[in-house]
Amino acid sequence: MRFIGRSKKGMYSLKFNNKSVLGNLPKVLARFRGIDLEAKCALYEPPLRSELFSSDQMELHGKTLARLHTLSPGHTPDRLLARLAENQAVLTGTHSLLIEAVKTGRRITPAAEWLLDNFYLIEEQIRTARKHLPKGYSRELPRLLDGSSAGLPRVYDIALETISHGDGRVDPENLSSFLAAYQKVAVLKLGELWAIPIMLRLALIENLRRVGARLAAGRTERSLAADWADRITEVAAKDPKSLILVLADMARSDPPLNSAFVAEFARRLQGQGPALAMPLTWIEQHLSECSMTIEQLVQSENQQQAADQVSMSNSIGSLRFLGVMDWREFVETMSVVEQTLREDPRGTY
């Protein structure tokens, strides 16, 4: 069999026979990569997921964070409303993509099922966030001068830290310990304490957007893997000699060799016979350049799906919690001014 292609230097012609196809395959398909390894090994933007902290750890972290925060002397443009609109667009797009996947019989991940089942709640919380965050509201809140949240309200960064170290779960005890410890170093204004609920809601929607974006990317990559696997399987059954041409087409398309694509591709082709081992061999060759294997990426994909399910379920549960929490009592308890007035020996206050 002869395959003719074009390189940067001109036309080239390569001959194959049934015995040499497997051995020459990596060299042949390597001509079609056309993308650097760094891009192939790149990771998606992660959810708000840091080390899980206990109540005592959150207390220590509150003091540390307060020392790190430096306030900006001036006002900066309000970016939270624009980010909320972006988050809504990403989540709505992800929802539509997942709906289409279900209609066409594609499998979806557990985290995707959570998003579909609770999307009405997410939409409701986005509307609530927009209602409680009128234009210009956050400009009145103290803002950070530097760091990853530079230009954003200090209390929003506090909300991000709360979500990050709880993996999307808002725990009242941890939150109270965190804020009480923070205020031993830097006292929050009353307006900031009242802004805690809306900032937590925005941070949770941000977290859902990040998980949702990864779900959308993973769904697209798994669909691509399924399409190529189906095409390869069909050609292997009907015209095995043309399999190398299909593999060359796949290589030329430069598929994303990440955990979602590789796991789905391997699930469909592994154990299906010698002919279908060829594309898996090509995958292995390219993954070795990133010091990875198919088995490692399959395991990574399973772990990522489990982690995303936890983040998604915790974030949705926390959005429900925000609606039932008594925030007036919370603010009175957290307010340093309130506590000082309550200590009036004459009881006037």
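Bear in mind the structure is a predicted one, so any value in this text is a computation, not a measurement.

Considering the overall build of the chain
And step 1. Counting its regular elements, the chain contains 15 helices and two strands.
And step 2. Within the chain, buried positions represent 48% of all 349 residues.
And step 3. Partitioning the intrachain contacts of the chain with sequence separation of at least 6 by distance along the chain shows that 78% fall at a separation of at least 24.
And step 4. Summed over all atoms, the accessible surface of the chain reaches about 17800 Å², with 53% contributed by carbon and sulfur.

Quick word on the pattern of salt bridges
And step 1. Within the structure shown, the criterion is met by 19 salt bridges.
And step 2. We note a salt bridge from Arg 268 to Glu 264, for which the minimum N-O separation is 2.9 Å. Residue Arg 268 and its partner Glu 264 are located together in helix H11 (residues 259–269), separated by four residues, close to a single helical turn.
And step 3. Note on Arg 268: relative accessible area 26%, which makes it partly exposed.

Observations regarding the layout of surface pockets
And step 1. As a volume, the largest pocket reaches approximately 400 Å³.
And step 2. As for the largest pocket, its lining consists of 25 residues, and the residues nearest its centre are Ser 148, Ser 149, Leu 152, Asp 157 and Leu 160.
And step 3. Those elements giving two or more residues to the lining of the largest pocket turn out to be helix H3 (55–68), helix H4 (80–103), helix H7 (154–164) and helix H9 (190–238).
And step 4. Split by residue class, the lining of the largest pocket holds eight nonpolar, nine polar and eight charged.

Brief notes about H7
And step 1. In terms of burial, H7 is largely enclosed, as eleven of its eleven residues are buried.
And step 2. Buried residues of H7: Arg 154, Val 155, Tyr 156, Asp 157, Ile 158, Ala 159, Leu 160, Glu 161, Thr 162, Ile 163 and Ser 164, and no others.
And step 3. Looking at the packing, one finds that the buried side of H7 touches H3, H4, helix H8 (172–183) and H9.

A closer look at the packing of aromatic side chains
And step 1. This structure, assessed with the given rule, holds three aromatic pairs.
And step 2. Ring centres of Phe 261 and Phe 265 lie 5.7 Å apart, and the angle between their planes is 10°; this geometry places the pair in the stacked category. One end of the pair is Phe 261 and the other is Phe 265, both in helix H11 and four residues apart, which spans about a single turn. Take Phe 261 and Phe 265: they sit in the same class, and that class is buried.
And step 3. A centroid spacing of 5.2 Å and a plane angle of 80° characterise the contact between Trp 327 and Phe 330, whose relative ring orientation is edge-to-face. Taken together, the residues span about one helical turn, with Trp 327 and Phe 330 both in helix H14 (residues 327–334) at a distance of three residues.
And step 4. Take Trp 327: its relative accessible area is 11%, and that puts it in the buried class.
And step 5. A relative accessible area of 5% places Phe 330 in the buried class.
And step 6. The structure contains a cluster of three or more aromatic residues connected by ring pairs, namely Phe 321, Trp 327 and Phe 330.

A closer look at the packing of helix H10 (residues 243–253) against helix H12 (residues 277–288)
And step 1. In the contact formed by H10 and H12, the axes pass within 10 Å of each other and the chain directions differ by 30°. The orientation of H10 relative to H12 falls into the category roughly parallel. Crossing geometry of H10 relative to H12 is assigned as right-handed. Contacts from Leu 243, Leu 247, Met 250 and Ala 251 in H10 reach Met 278, Pro 279 and Trp 282 in H12.
And step 2. Per-class residue counts for the contact of H10 with H12 are seven nonpolar, no polar and no charged.

Focus: the environment of Leu 160
And step 1. Its location among the elements puts Leu 160 in helix H7.
And step 2. On the basis of relative accessible area, Leu 160 is assigned to the buried category, the value being 14%.
And step 3. Sequence separation of Leu 160 and Leu 202 is 42 residues, and the distance between their C-alpha atoms is 8.9 Å.
And step 4. Not counting residues within four places of it along the chain, the set of residues in contact with Leu 160 comprises Leu 48, Ser 149 and Ala 203.

Side note on H3
Structurally, the α-helix is built with 3.6 residues per turn, so residues lying three or four positions apart point the same way.
And step 1. Compared with the 20 Å implied by 1.5 Å per residue over 14 residues, the 20 Å span of H3 between its first and last C-alpha is a close match.
And step 2. What H3 keeps buried is the set Ser 55, Met 58, His 61, Gly 62, Leu 65 and Ala 66. Each buried residue of H3 lies within a common arc of 135° when the element is viewed along its axis, so the set occupies one face. In H3, the exposed positions angled more than 90 degrees off the buried face are occupied by Asp 56, Leu 60, Arg 67 and Leu 68.
And step 3. Taken together, the buried residues of H3 touch H7 and H8.

Cut-off values and rules
Each chain has its residues counted from 1, running along the sequence as written. Predicted model: local features are reported for residues with pLDDT of at least 70 only, side-chain atom pairs are reported and counted for 80 or more only, and whole-chain, interface and lining totals are derived from all residues. With hydrogens and water stripped out, all remaining heavy atoms of the structure feed into the side-chain values. Strands are runs of DSSP state E lasting at least 2 residues, helices are runs of H or I lasting at least 4, and numbering of each runs from the N terminus. Relative accessibility thresholds used throughout: buried, under 20% of the residue-type maximum; exposed, over 50%; partly exposed, between the two (1.4 Å probe, protein chains only). In this analysis, two residues are considered to be in contact whenever any of their non-hydrogen atoms come within 4.5 Å of each other. With residues, only the protein chains shown are counted as cover, and all accessible areas are computed by Shrake-Rupley using a 1.4 Å probe. A pairing counts as a salt bridge when a side-chain nitrogen of Lys or Arg comes within 4 Å of a carboxyl oxygen of Asp or Glu. Lining residues are those with an atom within 4 Å of a point, where the points come from a 1 Å grid over the protein atoms alone and group into cavities, where a 1.4 Å probe fits but cannot get out, or pockets, open sets with protein on both sides within 12 Å along at least five of seven lines. Grid points are joined across faces, edges and corners, and a volume is the space filled by probe spheres set on the points. For this classification, the nonpolar set comprises Ala, Val, Leu, Ile, Met, Phe, Trp, Tyr, Cys and Pro, the charged set comprises Asp, Glu, Lys and Arg, and every other residue, Gly included, is treated as polar. Put simply, two rings from Phe, Tyr or Trp (the six-membered ring, in Trp's case) pair if the centres are within 6.5 Å, and we call them stacked under 30 degrees between planes, edge-to-face over 60, tilted for the rest. Only the stretch in contact is used when a helix axis is fitted, and all axes are lines through C-alpha atoms; the angle between N-to-C directions ranges over 0 to 180 degrees. In this scheme, roughly parallel covers angles under 35 degrees and roughly antiparallel covers those over 145, while 65 to 115 is roughly perpendicular and the rest are oblique. Left-handed describes a crossing whose near helix is turned anticlockwise from the far helix by less than a right angle; the clockwise case is right-handed. A helix is expected to span 1.5 Å for every residue after the first. Our arc is simply the arc of the directions from the helix axis toward the C-beta atoms.

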